[in-house]
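Listed here are the chains, written in short residue letters.
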Amino acid sequence: MIKDLNYYMTLPYAIKVEELSEDDGGGIFLSIPLLGEMAVCAHGETYSEARSHLELVKKDYFEMWLEDGVEIPEPQRKNWVEDSKIYVRELEAVGV
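Since the structure is predicted, the reported quantities are computational estimates derived from the model, not experimental observations.

**Q** I keep staring at the side chain of Lys 58 and nothing clicks. Help me out?
**A** If you trace the backbone, Lys 58 turns up in helix α3 (residues 47-68). Take Lys 58: its relative accessible area is 4%, and that puts it in the buried class. A polar atom in the side chain of Lys 58 sits 3.4 Å from the side chain of Glu 55. For Lys 58, the contacting residues outside a window of four places in its chain are Met 9, Ile 32, Leu 35 and Val 40.

Put into structure tokens, the structure is as follows:
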């Protein structure tokens, strides 16, 4: 299997979802802890906007890491189901 940009973009990385208070600017903050919670992250007024931004950030990092020969962490298969359950609970908590 070729581990190219498409390969990494389709892996099921767990996404941390946070609803920001008005004091923190409001909206939704998303991050991918396995890839660097404060590096691969995005903000948006809505979940959809934040998710679109996160995909662009993730793509940019993957392209840079692949070009530089950096080893990219991959989610462990055994965690995929549990990570998906956590992700769904976080989405439900912010009303998505």
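**Q** Help me understand the pairing of strand β2 (residues 28-31) in this model?
**A** On any regular strand, side chains alternate: one points to one face of the sheet, the next to the other face. Alternating residues of β2 divide into Ile 28 and Leu 30 and Phe 29 and Ser 31, and every residue in both groups is buried. Bridge count between strand β1 (residues 16-19) and β2: four bridges; the pairing is antiparallel. Residue Glu 19 lies in a different strand from β2, and its bridge partner there is Ile 28. Sheet topology places β2 next to strand β3 (residues 41-44); four bridges connect them, and they run antiparallel. When the sheet's bridge partners are listed, Leu 30 is paired in β3 with Ala 42.

**Q** Explain a negative patch on the surface here, please?
**A** Judged by side-chain charge, Glu 22, Asp 23, Asp 24, Glu 45 and Glu 49 come together as a negatively charged surface patch. On the secondary structure map, Glu 45 appears in the loop between β3 and α3. Classification of Glu 45 by relative accessible area gives exposed; the value is 53%.

**Q** Explain the side chain of Ser 31 here, please?
**A** Residue position: Ser 31 is located in strand β2. A residue is classified by how much of its surface remains accessible, and Ser 31, at 0% relative accessible area, is buried.

Definitions and limits used
Residues numbered from 1 in each chain as written. Predicted model: local features only at pLDDT ≥ 70, side-chain atom pairs only at ≥ 80, totals over all residues. Heavy atoms only, no water. Helix = DSSP H or I, 4+ residues; strand = E, 2+ residues; numbered from the N terminus. Buried < 20%, exposed > 50% of the residue type's maximum accessible area, 1.4 Å probe, protein only. Polar contact = N/O pair within 3.5 Å; in protein donor to acceptor, adjacent residues only side chain to side chain. Contact = heavy atoms within 4.5 Å. Pairing = 2+ DSSP bridges. Patch = residues over 30% accessible without salt bridge, like charges linked within 9 Å, V, L, I, M, F, W, Y side chains within 5 Å. Areas by Shrake-Rupley, 256 points an atom, 1.4 Å probe, with all protein chains shown as cover. Salt bridge = Lys/Arg side-chain N within 4 Å of Asp/Glu carboxyl O. Lys, Arg positive; Asp, Glu negative; His and termini not counted. Charge placed at Lys NZ, Arg CZ, Asp CG, Glu CD.

In short, geometric facts, not functional conclusions.
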